[in-house]
Amino acid sequence: MMPSRTGLTWIDHVSSTQDVVLDHSTDLDHGAAAGTDDQRAGRGRNGRNWEAQPGQSVAVSTLLRPARRDPPLPAQRWPWITLSVAAAVVEVVRGWGVPASVKWPNDVMIYDDDGTGRKLAGILAQVTRDASGVVLGIGLNRDFSAGHRPSELAVALSDWMAPGEVPDSPSLAETLRGTVLDAVDHLARSPNPVARVRPVMHTLGQRVRAELPGGVTLVGAASGLGESGTLLIEVEQVSAPEFDNASKSSATIDESAGIRGKIVTGETYEVSAADVVHLRPQHPPVVSDRVEGAARKTNMYDQNEGHRAGE
């Protein structure tokens, strides 16, 4: 199905809104989108499936041509799009009374008092085949009131909103599309993308376990964000297949393990979304005040001045 060239095209059911927009991207303008509440082959990062029964979730994929906007968003800042959109979605649903926050790099979550995270929405960004733009897909759980829940770790707007308050699917799709476009325009005008993302991000200040390609695993404090939306981890422990066990974590892992550079405990390592297979909380979930202070110091952008720290 060919989407509208400029607006939102609602589709009763589709395998993937992401594929619809990607397949027709050369014929579409900035802001063209496809939406549905019956997506049958949705996917997230690393090819993971996004599954829900018809009517439970809304999926929207929006074509972005940020380099052609005024002001333009240069390609080197495109990695910020996913985090910026996630922060904007959190701001919207918090306005509806839903206590969401961002899990780096692309999930909108609700966290229980014990630190258990439950997923409300996932975000997937893919560069178009001609590299002229980005297709930004959002899958957001709308209504589980009928009783079926795809996972015990999934939550929906209906868990926090009364039945009459939950937006209908097409209206929610329009809201999500508008949120995406506003977030990208805001990003293009902002000298400091951290300023919007940090206040709504749950990951920072937490101990995490990052699983990297090649079986390498890092454990440490998520201490800040890098200049392209990467995650900075103060490494406490490193393990890899060539180690007998994690007790040898003080060793250095070189590039033969399938990672960039070297990782040494006690130092800060920068991981991108492309590097990480899984990012999971590591108990104890909340790190000390010392690490919270480090998080403020190690952000690559100074929040008050809007430039890279040290410049």
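So, here's what we can say about the structure.

Reading the values: the criteria
- Residues numbered from 1 in each chain as written.
- Predicted model: local features only at pLDDT ≥ 70, side-chain atom pairs only at ≥ 80, totals over all residues.
- Heavy atoms only, no water.
- Helix = DSSP H or I, 4+ residues; strand = E, 2+ residues; numbered from the N terminus.
- Expected span 1.5 Å × (residues − 1).
- Buried < 20%, exposed > 50% of the residue type's maximum accessible area, 1.4 Å probe, protein only.
- Pairing = 2+ DSSP bridges.
- Salt bridge = Lys/Arg side-chain N within 4 Å of Asp/Glu carboxyl O.
- Axes fitted to C-alpha atoms, helices over the stretch in contact; angles between N-to-C directions.
- Contact = heavy atoms within 4.5 Å.

## As for helix α2 (residues 80–94)
Consideration 1: The end-to-end C-alpha separation of α2 is 21 Å, in line with the 21 Å expected for 15 residues at 1.5 Å each.
Consideration 2: For α2, the tally of buried residues reaches twelve of 15 residues, placing the bulk of the element in the interior.
Consideration 3: Listed in full, the buried residues belonging to α2 are Trp80, Ile81, Thr82, Leu83, Ser84, Val85, Ala86, Ala87, Ala88, Val89, Val90 and Val93.

## Looking at the pairing of strand β9 (residues 134–141)
Consideration 1: With respect to burial, β9 is a largely interior element, eight of its eight residues being buried.
Consideration 2: Judged by which residues are buried, β9 turns out to be covered on both faces: Val134, Leu136, Ile138 and Leu140 on one side and Val135, Gly137, Gly139 and Asn141 on the other are all buried.
Consideration 3: For strand β5 (residues 57–64) and β9, the ladder comprises eight bridges, and the chain directions are antiparallel. Its bridge partner being in β9, Val58 is matched across the sheet by Leu140.
Consideration 4: Across seven bridges, the pairing between strand β8 (residues 117–127) and β9 is antiparallel. Along β9, the bridge assignment pairs Ile123 with Ile138.
Consideration 5: Counting the residues between successive antiparallel strands, the hairpin from β8 to β9 contains six residues, one of them, Ala131, with a positive phi of roughly 65°.

## What about the environment of Gly139?
Consideration 1: For Gly139, the location among the structural elements is in strand β9.
Consideration 2: Residue classification places Gly139 among the buried residues on the basis of a relative accessible area of 8%.
Consideration 3: Separated by 104 residues in the primary sequence, Gly139 and Gly35 have C-alpha atoms spaced 9.7 Å apart.

## With respect to the pattern of salt bridges
Consideration 1: All chains considered together, the criterion is met by ten salt bridges.
Consideration 2: Put simply, Arg5 and Asp29 hold a salt bridge, and the shortest N to O gap is 3.2 Å. Here Asp29 lies in the loop between α1 (17–23) and β2 (33–36) and Arg5 lies in the segment before β1 (8–10), a separation of 24 residues in the sequence.
Consideration 3: Note on Arg5: relative accessible area 47%, which makes it partly exposed.
Consideration 4: In this structure, the salt-bridge partner of Asp38 is Arg40, at a minimum N-O distance of 3.0 Å.
Consideration 5: Using a relative accessible area of 57% as the deciding quantity, one classes Arg40 as exposed.
Consideration 6: A cluster of three or more residues bridged by salt bridges with shared partners is formed by Arg209, Glu211 and Arg280.

## What about the sheet that holds β2?
Consideration 1: If you trace the seven strands from one edge of the open sheet to the other, you get β1-β2-β5-β9-β8-β7-β6, paired in mixed fashion. Because the sheet does not close on itself, it has two edges, and the strands there are β1 and β6 (101–103). For this sheet, the mean inter-axis angle between neighbouring strands, taken without regard to orientation, is 25°.
Consideration 2: Sitting on the sheet, α2 is in contact with β5, β6, β7 (107–111), β8 and β9, with an inclination near 35° to β9.
Consideration 3: Contacting β1, β2, β5 and β9, helix α3 (residues 169–189) crosses the sheet at an angle of about 35° to β5.

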